[in-house]
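A closer look at the structure
Spelled out, the chains give:
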Amino acid sequence: MRFKLDENVPVTFGRLLADAGHDVATVVDEGLVGAADEVIAEACVDEQRALVTQDLDFADIRAYPPAEYAGLVVLRPRTSARDAVLAIAPTLMQRLESASRAGQLWIVESERLRIRE
């Protein structure tokens, strides 16, 4: 699967995805740091990548209808600390093996995953 990591997601999270065989690009590598949400969303559509972010704006299905994207993955750790973000990676990785996220909004918490279409 193809992902784009937002600037608020640790690079180590991207490495975990890449180590599992996924194609990972980052907002940082593409010079989009500080870009408006709409610009990042458009880049994801153009590249057919699912966005992985902690930005709750992307959980607003009126502003970002899931059907228009290759997937929106919003990480919701207990705290914004790096270790807390990395701790929810197994919840995401487990579901990636058996489900497609295209056209869906995934809200990933430490012990559960909520999916909206």
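This text gives an overview of the structure that appears in the document. The model shown is predicted, which means the values in this text are computed figures rather than measured ones.

The mixed open sheet is built from six strands, whose spatial order is E2-E1-E3-E4-E5-E6. Each edge of the sheet is formed by a strand with only one pairing partner; in this case those strands are strand E2 (23-26) and strand E6 (113-116). Between one strand axis and the next, the sheet turns by 20° as a mean value, whatever way the strands run. The pairing of strand E4 (residues 72-75) with strand E5 (residues 105-108) spans four bridges and is classified as parallel. Paired with Leu 75 across the two strands is Val 108, which belongs to E5. Along the sheet, helix H2 (residues 37-47) contacts strand E1 (2-5) and strand E3 (50-53); its crossing angle with E1, the most-contacted strand, is approximately 160°.

Pairing geometry for E1 and E2, over four bridges, is parallel. Paired with Leu 5 across the strands is Thr 26, a residue of E2. Handedness of the crossover is the feature at issue here: the chain leaves E1, passes through helix H1 (residues 11-19), returns alongside E2, and the resulting connection is right-handed. The sheet contact formed by E1 and E3 spans three bridges and is parallel. Residue pairing across strands places Lys 4 opposite Leu 51, the latter belonging to E3.

Listed as buried for H1 are Phe 13, Gly 14 and Leu 17. For H1, the buried positions fall inside an angular range of 100° around the axis, keeping them on one side. Exposed residues on H1 whose side chains face more than 90 degrees from its buried face are Val 11 and Asp 19. Tucked inside the fold, the buried residues of H1 contact E1, E2, E3, E4, helix H3 (82-87) and helix H4 (89-96).

The next point concerns the packing of aromatic side chains. In the structure shown here, the tally under the stated rule is two aromatic pairs. Relative to Tyr 64, the ring of Phe 58 has its centre 4.6 Å away and its plane inclined at 40°; by these criteria the two rings are tilted. Each member of the pair, Phe 58 together with Tyr 64, is buried. Aromatic pair Tyr 64 and Tyr 69: ring centres 6.3 Å apart, planes at 55°, arrangement tilted. Looking at Tyr 64, the relative accessible area reads 6%, which means it is buried. Classification of Tyr 69 by relative accessible area gives buried; the value is 10%.

On to the nonpolar core, then. One finds Phe 13, Leu 17, Val 52, Leu 75, Leu 92, Trp 106 and Val 108 to be the most contacted residues of the largest nonpolar core, which totals 20 residues. Counting only elements with at least two residues in this core, the list comes to E1, H1, E3, E4, H3, H4 and E5. Non-local contacts of Leu 17, meaning those with residues more than four positions away in its chain, are made with Phe 3, Leu 5, His 22, Val 24, Val 52, Leu 92, Met 93 and Leu 96. Phe 58, Tyr 69, Leu 72 and Ile 107 belong to the second largest nonpolar core, which has 14 residues in total.

Cut-offs applied
Residues numbered from 1 in each chain as written. Predicted model: local features only at pLDDT ≥ 70, side-chain atom pairs only at ≥ 80, totals over all residues. Heavy atoms only, no water. Pairing = 2+ DSSP bridges. Helix = DSSP H or I, 4+ residues; strand = E, 2+ residues; numbered from the N terminus. Axes fitted to C-alpha atoms, helices over the stretch in contact; angles between N-to-C directions. Contact = heavy atoms within 4.5 Å. Right-handed = clockwise from strand over helix to strand, strands pointing away. Buried < 20%, exposed > 50% of the residue type's maximum accessible area, 1.4 Å probe, protein only. Arc of directions from axis to C-beta. Phe/Tyr/Trp six-rings, centres within 6.5 Å; stacked < 30°, edge-to-face > 60°. Core = buried A, V, L, I, M, F, W, Y, C linked by side-chain atoms within 4.5 Å.

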